[in-house]
Amino acid sequence: MKSRNIRILKFGGSSIGNLARIRCVAKIVTQAQSEAAPVVVVSAVGVTTNAILEAADLASRGDKGYVEPLSRIDEKHRGILEELASDEELAQLSRRLEDAIEELRELARGAQLLGECTPRIRDRMLAFGELQSAMLLAACLRSEGVAATDVDAREILRTDDRFGTAKVDQRVSRELIRERLPGSGGVPVVTGFIGSTASGETTTLGRGASDYTATLLGAMLGAEAVEIWTDVDGVLTADPRMVPDAIPIREIGYEELLELAQFGAKVMCPPAVEPARKAGIPLRIRSTLDPSLPGTLVLGTLPPDPYRPVRGISAIRDAALIRVEGVEAIGVTETCQRIF
Ligand code: ADP
Ligand code: ASP
Ligand code: MG
């Protein structure tokens, strides 16, 4: 199905971290509509995922302090919703948000009573972030006159039950995705990062995996492009937090991007490269802070540039190198297995 120019637009947490940023994103989506049929993928608002993990961690130690990060999350989402929802929708959406917060509190309370937060419960808690951000962005689009519906990816991404790092069943998911998307409710705003098992249990795909949701959807829908919108001007020659004058790379190959990502360039979650590479879909990394910039285009293999042989540098912090040596190790079976 090489359907009507579908374009995937994925927005990371920093791009939708507050009301002003969500409004900017709504503008970008509206603009994209004139060129293609957008399918939007969102991460959780700002640092919501970290705050949920903080709550889960406190609860798992029996610490009642878990209520504090949850109150921060509640306040933040409520504040945004009240500002952006239309008068007609506010009551209904507020109820949805309240129910979701209530469920989050109950899950954390259960974990705190048990002094244990299993990966299964943690994934249920984490889904809150993307479910609410999708609801907020879809509401924002509607309030600006653009038909839009939030889509719960648990209905279209089937995974195994490895909670926290679930693996997507691509065959089943492809069917579900093609049945549901783009759909008739205007622009679909899909929750990144989450999926569900065959028995309906919530799973997450790994930290930063909204990028992966985006490229998977792109590959399965035969999209013309996948755009990863973030808070920097594209893939930079180095981590801007360590090298403030790093500059954007205009074009890069899939393999090179994968290498940079695997060795620390957080701008892209490593598993997200493969679905785009395999389907030959161009990826573009762009800045929500300045949408006029071209960003970075990721395509097949680029020929080496003799004047700039190094495309970029990445680094992994807090890594330790362990050296294991000794003649006794030679010939001992399963040495590597035992070390790891
Ligand atoms: P998002 O919320 O949009 O998913 P992330 O925080 O996951 O954003 O990734 C973007 C961040 O990645 C940037 O803010 C930047 O600090 C960091 N980063 C690390 N290395 C690079 C790099 N080589 N190029 C661009 N950004 C990088
Ligand atoms: N919200 C999730 C995380 O923080 C997924 C993502 O942002 O891509 O890891
Ligand atoms: Mg990210």
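Whatever comes next refers back to the structure up there.
Starting afresh in each chain, residues are numbered from 1 along the sequence in its written order. Chains carry letters and ligands carry numbers; both start at the beginning, A for chains and 1 for ligands, and go up in the order they are written. Under the rules for a predicted model, residues below a pLDDT of 70 receive no local features and side-chain atom pairs below 80 are neither given nor counted, while totals for whole chains, interfaces and linings still include all residues. Computation of side-chain values covers all heavy atoms of the structure but excludes hydrogens and water.

### Here we look at helix 4 (residues 87-114)
- Helix numbering and strand numbering both begin at the N terminus, where a helix is a DSSP run of H or I of at least 4 residues and a strand a DSSP run of E of at least 2. Expected span, for any helix, means 1.5 Å times one less than how many residues it has. If you check helix 4, its first and last C-alpha atoms are 41 Å apart, about what 28 residues at 1.5 Å a residue would give, namely 40 Å.
- Looking one or two places after helix 4, you find Gly-115, whose phi comes out positive at around 65°.

### A look at the site of ligand 1
- Summary of the distance rule: residues count as near a molecule or strand when at least one heavy atom falls within 4 Å of that molecule or strand. By nearness alone, 18 residues border ligand 1, and Gly-13, Thr-230, Asp-231, Leu-236 and Lys-266 come closest of all.
- Take Thr-230: an N or O atom from its side chain is 2.7 Å from an oxygen atom of ligand 1.
- A distance of 2.8 Å separates an oxygen atom of ligand 1 from a polar side-chain atom of Asp-231.
- Only the protein chains shown count as cover for residues, with accessible areas throughout obtained via the Shrake-Rupley method and a probe of 1.4 Å. Taken by itself ligand 1 offers 580 Å² of open surface, and the protein chains cover 89% of this.
- In the scheme used here, Gly and all other residues not listed as nonpolar or charged are polar, with Ala, Val, Leu, Ile, Met, Phe, Trp, Tyr, Cys and Pro taken as nonpolar and Asp, Glu, Lys and Arg as charged. The class makeup of the residues in the shell around ligand 1 is 8 nonpolar, 5 polar and 5 charged. Each polar contact in these results corresponds to two N or O atoms within 3.5 Å; when the atoms are within protein, one needs to be able to donate a hydrogen and the other to accept it, and residues that are neighboring in sequence are counted only if both atoms are side-chain atoms.

### Regarding the pairing of strand 9 (residues 283-287)
- Three labels apply to residues, based on accessible area from a 1.4 Å probe with only protein chains included: buried if under 20% of the type maximum, exposed if over 50%, partly exposed otherwise in between. Counting buried positions along strand 9 yields 4 of 5 residues, so the element is predominantly enclosed.
- Pairing of strand 7 (residues 225-230) with strand 9 involves 5 bridges; the strand directions are parallel. Its bridge partner lying in strand 9, Val-226 is registered against Leu-283.
- Note on pairing: two strands pair once DSSP finds at least 2 bridges between them. Relative to strand 10 (residues 296-299), strand 9 is paired through 3 bridges, and the arrangement is antiparallel. The residue of strand 10 that forms the bridge with Ile-285 is Thr-296.

That's the geometry; what it means functionally is another story.
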